[in-house]
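Observations on the three-dimensional arrangement
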Amino acid sequence: MAFVSFLIPCFVIGTDIAFSCQNTDDFVGASSPGDIVIGGLFAVHSEMLHPEEHPIKPVIQNCAGFEIQIFLQTLAMIHAIEMINNSTLLSGVTLGYEIYDTCAEVTKAMASALRFLAKFNSSKDVVEFKCNYSDYVPRIKAVTGASYSEVSMAVSRLLALQLIPQVSPASSAEILSDKIRFPSFFRTIPSDFHQTRAMAHLICESGWNWIGVIATDDDNGRFALESFGVQAMANNVCIAFKEMLPAYLSDNTFQTKVDHAIEKIVKETRVNVIVVFMRQFHVLKLFKKAVERNVNKIWIASDNWSAAVKISTIPNIRQLGTIVGFGFKSGDISTFQDFLRNLHEKPTDNNKFLHEYIMLLSVCAHLEYHDFQMCISNQSQDDLLQNVENKHQIWRDGFLNANIEPGFIHSTILAVYAIAHAIKGQCKDRNCKDPSAFTPWELLEELKKVTVIDDDKEIKFDSNGDMSNSYDVLLWKEIDGHVEITTMAEYDPEKGDFIFEDEEKKKEFLDLKKVQSTCSQHCRPGQMKKVTESPHTCCYECVYCPENHYSNQTDMDYCYRCNNKTYWAPANSTTCYRKTIHFLAWTDWFAIFLLLLSASGVVLVLSISVIFTRNLNTPVVKASGGLTVCYIILFSHFLIFLSTVFFVDEPTEFKCKTRQALFGISFALCISCILIKSLKILLAFSFDPKLQNFLKCLYKPVPTVVTCTGIQVIICTFWLIFRTPFVKQNFSIPRAIILECNEGSVVAFGIMLGYIAALAFICFIFAFKGRKLPENYNEAKFITFGMLIYFIAWIVFIPVYATTFGKYLPAVEIIVVLISNYGILCCTFLPKCYIIIYKQETNTKSAFLKTIYTYSSKSAGSVAVSQISLDSKSSSSRATISDSCKSEKNSVNGNCHFQVPGQRLIKGEVLPKNTARTVARKRLSSI
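Let me sum up the structure you'll find in this document. (Residues numbered from 1 in each chain as written. Predicted model: local features only at pLDDT ≥ 70, side-chain atom pairs only at ≥ 80, totals over all residues. Heavy atoms only, no water.)

1. Side note on the nonpolar core
Phe 612, Phe 663 and Met 787 are the most contacted members of the largest nonpolar core, which totals 67 residues. Elements that contribute at least two residues to this core include exactly α18 (589–614), α19 (619–623), α20 (626–643), α21 (653–684), α23 (701–722), α24 (746–769), α25 (779–803) and α26 (809–838). Dropping the residues within four chain positions of it, Phe 612 is found in contact with Val 621, Ser 624, Leu 627, Cys 630, Phe 829, Lys 832, Cys 833 and Ile 836. Counting residues in each nonpolar core, the second largest holds 66 residues, with Ile 78, Ile 84, Leu 95 and Leu 354 among its members. (Core = buried A, V, L, I, M, F, W, Y, C linked by side-chain atoms within 4.5 Å. Buried < 20%, exposed > 50% of the residue type's maximum accessible area, 1.4 Å probe, protein only. Helix = DSSP H or I, 4+ residues; strand = E, 2+ residues; numbered from the N terminus. Contact = heavy atoms within 4.5 Å.)

Next comes the structure, spelled out in structure tokens:
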């Protein structure tokens, strides 16, 4: 009877496991009925068995490699659903579940997804083909899972056909954030983008730049490697080698590639940091081989295995070196731990995973902890029937709790609660006991708006369907002879910072810097790294910092430029030296020379003022426009000489604004007054009636001077308001700073100078027209010379100013100002001073009248007069002619045209002598 009683359970086990997929209902791993059913996809087994017979048939095979951690996630989903059903979250509505084992295979996961798409309450699991699934009610409303990104990518594309929401607690591939390709995918963990950035940040903070990467050759591994490569490059971290291991343990080349990866690690002696993006069963194989070869490195673990207890219990794991990993931030899972303690009381009828786990406990009961884990992982479903003989079912208290990975458990519970809150939103005004109350795509829209309270914090999905939780930075360290996984820090993805609980944790983080993982030796202060012919930027040689650069630390990527351009440094320097400041100082010999010239000009102006004041009533002074006009011209010359003072010494804002404006307005005033004098001379000696009439209209001394000067004032005002000159530091000389005035606007500066040039040109034209005046009154000729000197000086100034730099640049403008000012001053006043002082006999009214009379007599020979009759009207006609000549005081060619009203103009007749004498008196009086 005992033998028979033993065969019965063996027969049951065989039919339940060895032939587990005889029909579609047997395909379900765990299930529970409910008003609303949620699907689950978890890789409870690490691989699917492949038949050796040929040809291969399309049969879903059994699996091997029971994964405790993933099994715990299925229990977390069940626990969360039971908690919701026992709460008031969904009043009167119960949640059910159907959980399937993907065996880490896309093929099997797709088979499960097809069953999810089957129509609700269909006698057969038939997926209807429709053009519009808006009213279609599938078997389930939402899916939790899958465990791996590669599986989630495939399943999500299939579920997107009906827009069934999929919430994964573990798939972290960055590509899954693309809502165009994966519109119904959500996850309760951050994207790999944040994880790879955190890894690169950790590596950079620790001073490492020469690392190796090992990843699985699947979608998840490739995407993670690509994302990490971008982040590493952004942080100046170089990848010395990349090794890709087959995604499936059943691959014949798997062990060979593991051996090759280990050989590469051993060979690259300068690489002491290895980043690993692999699944747990891959890491187990790799680490076992690494322990055999005594490899000692720093290993950076991805979230897939950073908290894997079964890896941390590998014998001699501490010999591998330091393991630092990134795990998902966990919350309060105490209720789940209580759930596990009472798990042995749960029925196994509708939970094949739990049933299998209990049998595995029996098969592996005689083994110690790590061997016990390995035994569980190595058992296949096909072998359980043979291995279960003569074994008692023994429950190991605490084993499941010891293998909890808190981050994954928390994210799984969070995923279920997020779906439940979305269901609650749909069930506000609907009877959700009716399966057709709402459709999955409506639940999807609700899920986008869901907010879940977790540890008193509100969490919701972002626009990419991700929950941006923080990471725990995990450190594997030996405590009491055992390797334990501890939390060293927290990483905030939004801020990109590491947060430490206390100084001890921070010290553990800083101790990582003691390990060197660089391609080249350190560079001394005063040196910098220079990239060699190696394709990697982290392999370099040390070169001296160039001039004006320095480095004050070891192993610097580049030399610092001396701060604010106020310092300089020689080559191979570790510090900067302050630059000397240069400007045209008062003590500079050239500045003294120019200022002496300006002072001499001022003395000359004052001397001319004294001379003209003392000879106020002489014809020369009167012919110069009178004392008022002379004083105005001399005062403008004085201001021009004074403006040169503002070009010397240290530039200030006031000096920069004042010097050009003072010079420009003063010069415009000076030229305006000379222009009036030229116009008056031309008017006085013009015999062309048309020209005289034009010049009469134009000759308005005060308005003309005010207008011409006012325009310059307006130009300078706009210049100073909108583009004001300012003090500029010129760094063109390596070890000095040239303080100079920047004109603010080259255009405004050009307009100011151009306006002066335009006035000077008009003045030159008028003066040139009057160059053939009486010799004692040859002012127009000298004005012409003065304007020519001005033009020549400023034409030469433009190229010289444009090609000159340094502290003597203001001196160039001073020279031009002095030359043009001296030229106009001397040409305008020195000939008159010469007459006043040395030719006093010609400075009399009679001498001037005689000269003008002679000039008028010569000019009168060519004057045309009208042929008039000798009748009684002659006297009135002569009076008319006399009045006409008196009023028309213009000088063009020295001819006077007389026309009697009503008579034709007759040329060629010479005026009588008394007429010439009258004209001379009129010219003198007009002058």
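2. Details of empty space enclosed by the protein
In this structure the tally under the stated criterion is 8 cavities of 30 Å³ or more. Considered as a void within the structure, the second largest cavity measures approximately 100 Å³ in volume. Glu 67, Gln 69, Ile 70, Gln 73, Ser 147, Tyr 148, Ala 170, Arg 279, Gln 280, Asn 304, Glu 405 and Phe 408 are the residues that line the second largest cavity. Sorting elements by how many residues they give to the lining of the second largest cavity places helix α2 (residues 68–85) first, with 3 residues. Across the lining of the second largest cavity, the residue classes tally to 4 nonpolar, 5 polar and 3 charged. (1 Å grid on protein atoms, 1.4 Å probe; cavity = no way out; pocket = protein on both sides within 12 Å on 5 of 7 lines; lining within 4 Å. Points joined across faces, edges and corners; volume = space filled by probe spheres on them. Nonpolar A, V, L, I, M, F, W, Y, C, P; charged D, E, K, R; others polar.)

3. A look at the side chain of Gln 527
Tracing the backbone through its elements, the reader meets Gln 527 in strand β19 (residues 527–531). Excluding anything up to four places from it in sequence, Gln 527 contacts Cys 542, Val 543, Tyr 544, Cys 545, Ser 551, Cys 559 and Asn 572.

4. Here's the deal with the pairing of strand β12 (residues 297–301)
Counting buried residues along β12, 5 of its 5 residues qualify, which places the element largely inside the surrounding structure. A two-sided burial pattern is seen for β12, the buried positions comprising Lys 297, Trp 299 and Ala 301 on one face and Ile 298 and Ile 300 on the other. Pairing of strand β11 (residues 273–277) with β12 involves 4 bridges; the strand directions are parallel. In the sheet register, Val 276 faces β12, and the bridge partner there is Ala 301. Running through helix α8 (residues 280–292), the crossover from β11 to the neighbouring parallel element β12 is right-handed. (Pairing = 2+ DSSP bridges. Right-handed = clockwise from strand over helix to strand, strands pointing away.)

5. A short note on the sheet that holds strand β27 (residues 736–742)
Pairing in this open sheet of 3 strands is mixed, and the strands run β25-β27-β26 from one edge to the other. Unpaired on one side and paired on the other, β25 (580–582) and β26 (726–730) mark the two borders of the sheet. For this sheet, the mean angle separating the axes of adjacent strands, direction not counted, is 30°. Bridge analysis of β26 against β27 gives 5 bridges, and the strand direction is antiparallel. Opposite Phe 726, over in β27, you have Asn 742 as the bridge partner. (Axes fitted to C-alpha atoms, helices over the stretch in contact; angles between N-to-C directions.)

6. Considering a nonpolar patch on the surface
A surface patch of nonpolar side chains, amounting to about 410 Å² of accessible area, comprises Phe 785, Leu 788, Ile 792, Val 796 and Val 800. For Phe 785, the position within the fold is in helix α25. (Patch = residues over 30% accessible without salt bridge, like charges linked within 9 Å, V, L, I, M, F, W, Y side chains within 5 Å. Areas by Shrake-Rupley, 256 points an atom, 1.4 Å probe, with all protein chains shown as cover. Salt bridge = Lys/Arg side-chain N within 4 Å of Asp/Glu carboxyl O.)

7. Brief notes about a negative patch on the surface
On the surface, a cluster of negative charge is made up of Glu 501, Asp 502, Glu 503 and Glu 504. Counting through the fold element by element, Asp 502 comes out in the loop between β18 (497–499) and α17 (503–511). For Asp 502, a relative accessible area of 35% puts it in the partly exposed group. (Lys, Arg positive; Asp, Glu negative; His and termini not counted. Charge placed at Lys NZ, Arg CZ, Asp CG, Glu CD.)

8. Comments concerning α25
Along an α-helix, residues three or four positions apart point the same way, because every turn accommodates 3.6 residues. Its 25 residues place the ends of α25 37 Å apart at the C-alpha level, agreeing with the 36 Å of an ideal helix rising 1.5 Å per residue. The largest bend along α25 measures about 30° and falls at Phe 797, with the proline Pro 799 one to four residues further on. Looking at α25, one finds that the buried residues are Glu 779, Ala 780, Ile 783, Thr 784, Gly 786, Met 787, Tyr 790, Phe 791, Ala 793, Trp 794 and Phe 797. (Expected span 1.5 Å × (residues − 1). Bend = angle between axes of the 7 residues up to and from the residue.)

9. Remarks on the side chain of Glu 743
Within the secondary structure, Glu 743 sits in the loop between β27 and α24. For Glu 743, a relative accessible area of 8% corresponds to the buried category. Polar contacts involving the side chain of Glu 743 include one to the side chain of Gln 660, which spans 3.2 Å. (Polar contact = N/O pair within 3.5 Å; in protein donor to acceptor, adjacent residues only side chain to side chain.)

10. A closer look at the sheet that holds strand β13 (residues 321–328)
With mixed pairing, 8 strands are arranged side by side in an open sheet as β10-β9-β11-β12-β13-β16-β17-β18. Each edge of the open sheet carries a strand with a single partner, namely β10 (238–245) and β18. Ignoring which end each strand starts from, the neighbouring axes of this sheet average 25° apart. Summarising the sheet, strand β17 (residues 482–492) and β18 pair through 3 bridges and their orientation is antiparallel. Of the residues in β18, the one forming a bridge with Glu 490 is Ile 499. Docked against the sheet, helix α6 (residues 219–234) engages β9 (210–216), β10 and β11, running at close to 160° with respect to β9. Where α8 meets the sheet, its contacts fall on β9, β11, β12 and β13, and the angle it forms with β12 comes to roughly 175°.

11. Focus on the packing of aromatic side chains
Taken as a whole and judged by the stated rule, the model has 39 aromatic pairs. Here the aromatic rings of Tyr 834 and Tyr 838 are separated by 5.5 Å at their centres, their planes lie at 40°, and the arrangement is tilted. Placement of both Tyr 834 and Tyr 838 in helix α26 is noted, with a separation of 4 residues, approximately one turn of the helix. The exposed category is assigned to Tyr 838, whose relative accessible area is 61%. Against the face of Phe 186 rests Lys 179, its NZ or CZ located 5.7 Å from the ring centre. For Arg 279, the ring lying beneath its charged end belongs to Tyr 148, and the centroid distance is 4.1 Å. (Phe/Tyr/Trp six-rings, centres within 6.5 Å; stacked < 30°, edge-to-face > 60°. Lys NZ or Arg CZ within 6 Å of the ring centre and 35° of its normal.)

12. Focus: the layout of surface pockets
Its volume calculated, the largest pocket comes out at about 680 Å³. Those elements that place two or more of their residues in the lining of the largest pocket are α9 (309–312), β13, α12 (369–378), α15 (406–426), β16 (471–479) and β17. Ranked by the residues each element gives to the lining of the largest pocket, the list is headed by β17, at 6 residues. Residue classes in the lining of the largest pocket are distributed as 14 nonpolar, 12 polar and 5 charged. Along the walls of the second largest pocket sit 29 residues, with Val 746, Phe 749, Leu 753, Phe 797 and Tyr 801 positioned nearest its centre.

13. Things to note about unusual backbone geometry
With an omega of 5°, the peptide bond between Gly 145 and Ala 146 qualifies as cis. As for its placement among the helices and strands, Ala 146 is situated in the loop between β6 (142–145) and α4 (149–159). Despite not being glycine, Leu 163 shows a phi value in the positive range, around 55°. Topologically, Leu 163 is positioned in the loop between α4 and β7 (166–168). A relative accessible area of 29% places Leu 163 in the partly exposed class. Phi at Asn 236 is positive, roughly 60°, even though this residue is not glycine. Among the secondary structure elements, Asn 236 is positioned in the loop between α6 and β10.

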